[in-house]
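# Working through the structure, step by step
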Amino acid sequence: MSAPNIETIVSLAKRRGFVYPASEIYGGLGSAWDYGPLGVELANNIKNKWWNWLVHERDDIEGIDSAIIQNRLLWKYSGHETTFSDPLVDCRACKGRYRFDKLQDVKCPLDPSVCAGSGKDCDLTPPRDFNLMFRTTIGAVSTDEDESALAYLRPETAQGIFVNFANVLNTSRRKLPFGIAQIGKSFRNEVTPGNFIFRTREFEQMEMEYFCRAEDAPRLHQEWIDSFVGWFRSLGVSVKNLKLYEQQKNELAHYAARCVDILYRFFPERDDETKQWDELMGIANRTDFDLKTHSKKPEDAEGKRLNPDSTEDLSYFDEATKQRFYPYCIEPAAGVNRALLAILMDAYSEKTNDKGEMRVILKLSPQLAPIKVAVLPLAKNKPELVEMAKSIKRDLQPSMRTVYDDTGGIGKLYARQDEIGTPFCVTVDHESLVDGAVTLRDRDSWAQERINLSVLEDSLQKRLG
Ligand code: GAP
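First things first, this report covers the structure right here in the doc. Because the structure is a prediction, the values reported are computed rather than measured.

## Focus on the overall build of the chain
- The secondary structure content of the chain amounts to 13 helices and 25 strands.
- If one aligns the C-alpha atoms of the chain with their principal axes, the spans along those axes are about 90 × 65 × 50 Å.
- A total of 465 residues make up the chain; the buried ones form 49% of that total.
- Accessible area for the chain stands at about 22300 Å²; split by element, carbon and sulfur atoms hold 50% of it.
- Treating the 62 positive side-chain charges of the chain as one cloud and the 71 negative ones as another, the clouds have centres 2 Å apart.

Take a look at the structure:
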């Protein structure tokens, strides 16, 4: 099974320390979230899997970490200043503010039986464009109105990659095809954020730009779509909760030749099956738009430079054919937060114990589990058991994330570890003091086996994969 709805995960996440509402003690900040001790471990594990898979295990991708605040001109030529906006409407009746293209996803506050805009009293203004970039000012002397000091928080990590294309090419001596990967925070002043960490104004992206020849782009695009479905599957996300969506011509961003979204079943509780799905990540063929638009050379029909501000030409010289051109780019763009939500929802399951009590088990892939092993003494008032359990914890810790816990009876301790997805518990009992063996308990099957301390670490390593 997987979680019946996002609310189930919201409450588990708060109760167990994955995700908390941000600035909660001051009433929160609508749709901002903080990651707790387990959430930060899970997010780091997802990011490390992505980074290792793309940057370390392959031979054709480099990583970078570009600045969040860039020269404003970058956002002029990328098109974000003029086109990165959502259609906004106000309702004169309820005073609500909505995205015109998402009215069907919001309930009318005056008449919750219908979508926003459909209630009998709804009175919407005509839609107007609202730019999603967060504005800030740079420098000690600037005022909020000072246009020359205006800067933006990046709304995507991708542009930091494009403007570094020549730097990476020259320093790494790459040949096409090759990619540049980046993980980092992005910011969008979303009109209607919501659904927990699904849509927030501050979020984290894992983006990779794979540069190639125009003629190879359609084939490579399809290969990356298949690879990313495989990647989510390898993290334990079940195939029945994943599907592909081919963006229609009228939905494509102006620079994209094709874009396919990987959807996850984020809303399984909705009666209409088509409304159960939403975007987990997008994989676009961005053509040569970005490298061209940031380059100093391209000219219009009258010979006028299209970008008079750039000092660099981001073209590529092919030694074999002696041709110079702007590479195409395939972009798999994923959100860390949406991936984390999908992984938590997919891992959620319930099981009834022999006393008829319902238990939550988070069947996280062992590679992603925030804690790999919990070492538990059977009785906390027996110093020899406590000492032995703490010493096992210390021995395992360098090679796998291990915790020690003695804050409850053994049944309660097992239940707590099941609920946070810890794949294995190691229990130290009175026998252990005599035979040097411990009980190894499996999270999913609840099966227990006796195992000698001399082989414990090896055995756990093998099982964790
Ligand atoms: N560079 C391309 C790009 O940014 P996008 O589809 O706008 O494409 C990529 O964003 C991914 O980033 C999305 O599929 C989603 O996972 C994540 N994302 C975008 N906006 C988000 C938001 N407001 N909150 C959480 N995640 C978001």
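## A word on the sheet that holds strand E22 (residues 402-404)
- Reading across the sheet, the five strands line up as E22-E21-E23-E24-E25 and stay open at both edges, with mixed pairing between neighbours. The two strands at the open ends of the sheet, each matched to only one other strand, are E22 and strand E25 (448-452). The mean inter-strand angle of the sheet, taken between neighbouring strand axes irrespective of direction, is 25 degrees.
- Contacting strand E21 (373-377), E22, strand E23 (424-428) and strand E24 (437-442), helix H10 (residues 383-396) runs over the sheet at an angle of about 165 degrees to E21.
- Across the face of the sheet, helix H13 (residues 453-464) comes into contact with E21, E23, E24 and E25 while running at roughly 125 degrees to E25.

## So, the packing of H10 against H13
- Contact pair H10 / H13: the axes reach a minimum separation of 11 Å and the direction vectors enclose 40 degrees. With respect to their mutual orientation, H10 and H13 come out oblique. In the crossing of H10 with H13, the sense of the turn from one axis to the other is right-handed. Here Met388, Ile392, Asp395 and Leu396 of H10 come into contact with H13, specifically with Leu453, Leu456, Glu457 and Leu460.
- For the contact of H10 with H13, the residue count by class is six nonpolar, no polar and two charged.

## Remarks on the nonpolar core
- Trp224, Phe228 and Phe266 are the most contacted members of the largest nonpolar core, which totals 68 residues.
- For this core, the element with the most residues is helix H9 (residues 336-347), which contributes nine residues.
- Those residues in contact with Phe266, other than ones at most four positions away along the chain, are Ile6, Phe198, Gln276, Asp278, Glu279, Leu280, Arg338, Leu341, Ala342 and Met345.
- Within the second largest apolar cluster, 20 residues are counted, among which are Val375, Leu396, Phe424 and Leu460.

## A look at the sheet that holds strand E8 (residues 128-131)
- Read from one edge of the open sheet, three strands run E5-E4-E8, paired in antiparallel fashion. In the strand order of this sheet, the two ends are held by strand E5 (97-99) and E8, each with one partner. Going across the sheet, the axis of each strand differs from the next one's by a mean of 50 degrees, ignoring polarity.
- Sheet analysis places strand E4 (residues 85-90) next to E5, joined by three bridges and oriented antiparallel. Residue pairing across strands places Leu88 opposite Arg99, the latter belonging to E5.

## Some details on a positive patch on the surface
- A grouping of Lys296, Lys297, Arg305 and Arg324 is seen on the molecular surface, where their side chains present a positively charged patch.
- Take Arg305: it is sitting in the loop between helix H8 (289-293) and strand E16 (316-318).

## Thoughts on the site of the ligand
- Looking at the ligand, there are 20 residues lining it, with Glu156, Glu190, Thr200, Glu207 and Glu279 nearest.
- Between the ligand and the protein, one listed contact pairs a nitrogen atom with a backbone N or O atom of Phe198 at 3.4 Å.
- Measuring from a nitrogen atom of the ligand, one finds a backbone N or O atom of Thr200 at 2.8 Å.
- Protein burial of the ligand: of its 560 Å² of free accessible surface, 90% is covered by the chains.
- Breaking the shell around the ligand down by element, the ones donating at least two residues are strand E12 (202-212), strand E15 (278-285) and strand E18 (328-335).
- Looking at the shell around the ligand, its residues break down into seven nonpolar, four polar and nine charged.

## A closer look at the pairing of strand E20 (residues 358-362)
- Bridging between strand E19 (residues 348-352) and E20 involves five bridges; their strand directions are antiparallel. Pairing of Thr352 across the sheet is with Met358, part of E20.
- As consecutive antiparallel partners, E19 and E20 are separated by five residues, and within that stretch Gly356 has a phi angle of approximately 80 degrees, a positive value.

## Concerning the environment of Ala13
- With respect to the helices, strands and loops of the structure, Ala13 is situated in helix H1 (residues 6-16).
- C-alpha separation for the pair Ala13 and Leu314, spaced 301 residues apart in sequence, amounts to 45 Å.
- Here Ala13 is in contact with Phe18, Val19 and Phe196, once residues within four sequence places are set aside.

## Thoughts on the pattern of salt bridges
- Scanning the entire structure with this criterion turns up 35 salt bridges.
- One salt bridge connects Asp288 with Lys292, and the closest N-O pair in it is separated by 3.2 Å.
- For Asp288, a relative accessible area of 18% corresponds to the buried category.
- A relative accessible area of 35% places Lys292 in the partly exposed class.
- The closest approach of N and O atoms between Glu387 and Arg394, which form a salt bridge, is 3.3 Å.
- One connected set of salt bridges, linked through shared partners, spans Arg72, Glu81, Arg135 and Glu147.

## A look at the environment of Ile410
- Residue placement: Ile410 occurs in helix H11 (residues 410-419).
- Judged by relative accessible area, Ile410 falls into the partly exposed class, the value being 22%.
- For the pair formed by Ile410 and Glu156, sequence separation is 254 residues and the distance between their alpha carbons is 47 Å.
- Apart from residues no more than four positions distant in its own chain, Ile410 is found in contact with Leu376, Leu378 and Thr427.

How each quantity is defined
Residues numbered from 1 in each chain as written. Predicted model: local features only at pLDDT ≥ 70, side-chain atom pairs only at ≥ 80, totals over all residues. Heavy atoms only, no water. Helix = DSSP H or I, 4+ residues; strand = E, 2+ residues; numbered from the N terminus. Buried < 20%, exposed > 50% of the residue type's maximum accessible area, 1.4 Å probe, protein only. Areas by Shrake-Rupley, 256 points an atom, 1.4 Å probe, with all protein chains shown as cover. Lys, Arg positive; Asp, Glu negative; His and termini not counted. Charge placed at Lys NZ, Arg CZ, Asp CG, Glu CD. Pairing = 2+ DSSP bridges. Axes fitted to C-alpha atoms, helices over the stretch in contact; angles between N-to-C directions. Contact = heavy atoms within 4.5 Å. Parallel < 35°, antiparallel > 145°, perpendicular 65-115°, else oblique. Left-handed = near helix turned anticlockwise from the far one by under 90°. Nonpolar A, V, L, I, M, F, W, Y, C, P; charged D, E, K, R; others polar. Core = buried A, V, L, I, M, F, W, Y, C linked by side-chain atoms within 4.5 Å. Patch = residues over 30% accessible without salt bridge, like charges linked within 9 Å, V, L, I, M, F, W, Y side chains within 5 Å. Salt bridge = Lys/Arg side-chain N within 4 Å of Asp/Glu carboxyl O. Near = heavy atom within 4 Å. Polar contact = N/O pair within 3.5 Å; in protein donor to acceptor, adjacent residues only side chain to side chain.

Any functional reading would require information beyond the geometric quantities listed.
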